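Residue-level listing of the chains:
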Amino acid sequence: MTVKVTDMRGVDLARYRFDFDLTFAMLTLHPDGHVYHRYGGRDERGPGVWLSSESFEALLEATLDDHERYESKPAPEPPDPAVRLEDVPAFAEKDQGKCIHCHSVLESLYRQRKAEGELRDEDLWVFPAPAIVGFDLDRDDQRRITQLTDGSPAAHAGLLIGDRILRIGSTAIASASDVMHALDRMPAIGGELEIEVRREGSNHSLRLDLHPGWRTGTPRSFAWRPLKWALDPVPGFGGAVLSDEERKAAGLDSEPFAFRIDYFVTSGPRQHVGRAAREAGLREGDIVYRVGDQTTFASIDHFHAWWRLTRKPGEQVEVRYVRERERGVITLTVGS
């Protein structure tokens, strides 16, 4: 049986946990609730980085094999206390009980933890991509390692390009999303994580040594997540990235990145930040090409993630811009 879920109302987030920020996610499971595998997954490279007909077929074949083994010896996991988003006060305040989309989940849980004073830095870094521990996976054969980063936990553990990952901890691997689920279960304080691989016809058991803070990524790796819009501080303005031709026309052909301001935040609880940016001298139509010492943002989302993750209220940030081909600079005080 196939079930398509478009409204997360009533879904137990503790039992059916996946990366809720994704544009596509799938779980294969037994009727008793046991989850075999997860599929979907992405990182900053794009929503389709691990989506292919070949990998999907491989996942279904792995599920059938696992189902046959499970049916012979069922072992349902004891359920954790149920978590349903409609019971989270922060969600009720934000959306007044409207349809619960997947991308609402992490933002609402984040706001609730913040309101309760229980927010931790690691709460932002959910479902870490394999790159955080130093390896990448083939798009079609998502058990197979295709890249290793020198000096990374994966390299120190003895993983090799070409290894096929069978299991990480207690999680059987059939997809990149399975890998991210296994990593997500490891605490931010780190520790050892067993990883079983198939290499040249035999199985090998290795150990990933994860240091404290290992889950924390970079603003660029975080930028694709809708969760970023819940974070403070905010710049109070944004806009569209200029093309190479537009940068050249503005006299910025030597600059790798620029965007044209096309809005200021003028409503809601953050409107004071937008007003402060205007009062400091920025205008709609200004072309921003440098913020602080940053000139190499990969996207406007990267700019917003960088501001939220690296700036502190009260700091001074220089913003360099072009207005009618004349360059200018202002100093913004980061608002709270």
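Worth saying up front: this structure is predicted, and the values here are computed from it rather than measured.

Attention now goes to the sheet that holds strand 12 (residues 316-323). Spatially, 9-10-11-12-13 is the arrangement adopted by the five strands of the open sheet, whose pairing is antiparallel. Only two strands of the sheet have a single partner each, and these edge strands are strand 9 (237-241) and strand 13 (326-333). Averaged over all adjacent pairs, the angle separating strand axes in this sheet is 45 degrees, with direction ignored. Here strand 11 (residues 287-291) runs beside strand 12; their pairing, made up of four bridges, is antiparallel.

Here the amide bond leading from Asp232 into Pro233 is cis, since omega sits at 5 degrees, within 30 degrees of zero. The phi torsion at Glu200 lies on the positive side, around 50 degrees, for a residue other than glycine. Counting through the fold element by element, Glu200 comes out in the loop between strand 7 (191-199) and strand 8 (202-210). Residues other than glycine seldom take positive phi values, yet Arg325 does so here, at roughly 65 degrees. By the secondary structure assignment, Arg325 is in the loop between strand 12 and strand 13. Given the relative accessible area of 56%, Arg325 is considered exposed.

On to the pairing of strand 7, then. For strand 5 (residues 164-168) and strand 7, the ladder comprises four bridges, and the chain directions are antiparallel. Bridged to Arg164 within strand 7 is Arg198. With nine bridges connecting them, strand 7 and strand 8 associate as antiparallel partners. Across the sheet, residue Leu193 finds its bridge partner in strand 8, namely Leu208. Hairpin connection between strand 7 and strand 8: a loop of two residues separates the two successive antiparallel strands, and Glu200 in this loop has a positive phi of roughly 50 degrees.

Glancing now at the sheet that holds strand 7. Taken together, the four strands give an open sheet; going across it, the order is 6-5-7-8, and neighbouring strands pair in antiparallel fashion. Here the strands that pair on one side only, and so sit at the sheet edges, are strand 6 (171-172) and strand 8. In terms of strand pairing, strand 5 meets strand 6 through two bridges, oriented antiparallel. From the neighbouring strand, Arg167 faces strand 6, where its bridge partner is Ala172.

A rise of 1.5 Å per residue sets the reference length of helix 3 (residues 103-115), with its 13 residues, at 18 Å; its end C-alpha atoms lie 19 Å apart and thus fit the reference within 8%. What helix 3 keeps buried is the set Ser104, Val105, Leu106, Glu107, Ser108, Leu109, Tyr110 and Gln112. In the segment just after helix 3, Gly117 is the residue with positive phi, at about 75 degrees.

Judged by nonpolar contacts, the single largest core of 52 residues is most densely connected at Phe135, Leu159 and Ile165. For this core, the secondary structure elements donating two or more residues are helix 2 (89-95), helix 3, strand 3 (135-137), helix 4 (153-157), strand 5, helix 5 (176-184), strand 7 and strand 8. With five residues, helix 5 is the single largest residue contributor to this core. Other than its neighbours up to four places away in sequence, Leu159 contacts Phe135, Ile145, Leu148, Ala154, Ile195, Val197, Arg199, Leu206 and Leu208.

Conventions adopted
Residues numbered from 1 in each chain as written. Predicted model: local features only at pLDDT ≥ 70, side-chain atom pairs only at ≥ 80, totals over all residues. Heavy atoms only, no water. Pairing = 2+ DSSP bridges. Helix = DSSP H or I, 4+ residues; strand = E, 2+ residues; numbered from the N terminus. Axes fitted to C-alpha atoms, helices over the stretch in contact; angles between N-to-C directions. Buried < 20%, exposed > 50% of the residue type's maximum accessible area, 1.4 Å probe, protein only. Expected span 1.5 Å × (residues − 1). Core = buried A, V, L, I, M, F, W, Y, C linked by side-chain atoms within 4.5 Å. Contact = heavy atoms within 4.5 Å.

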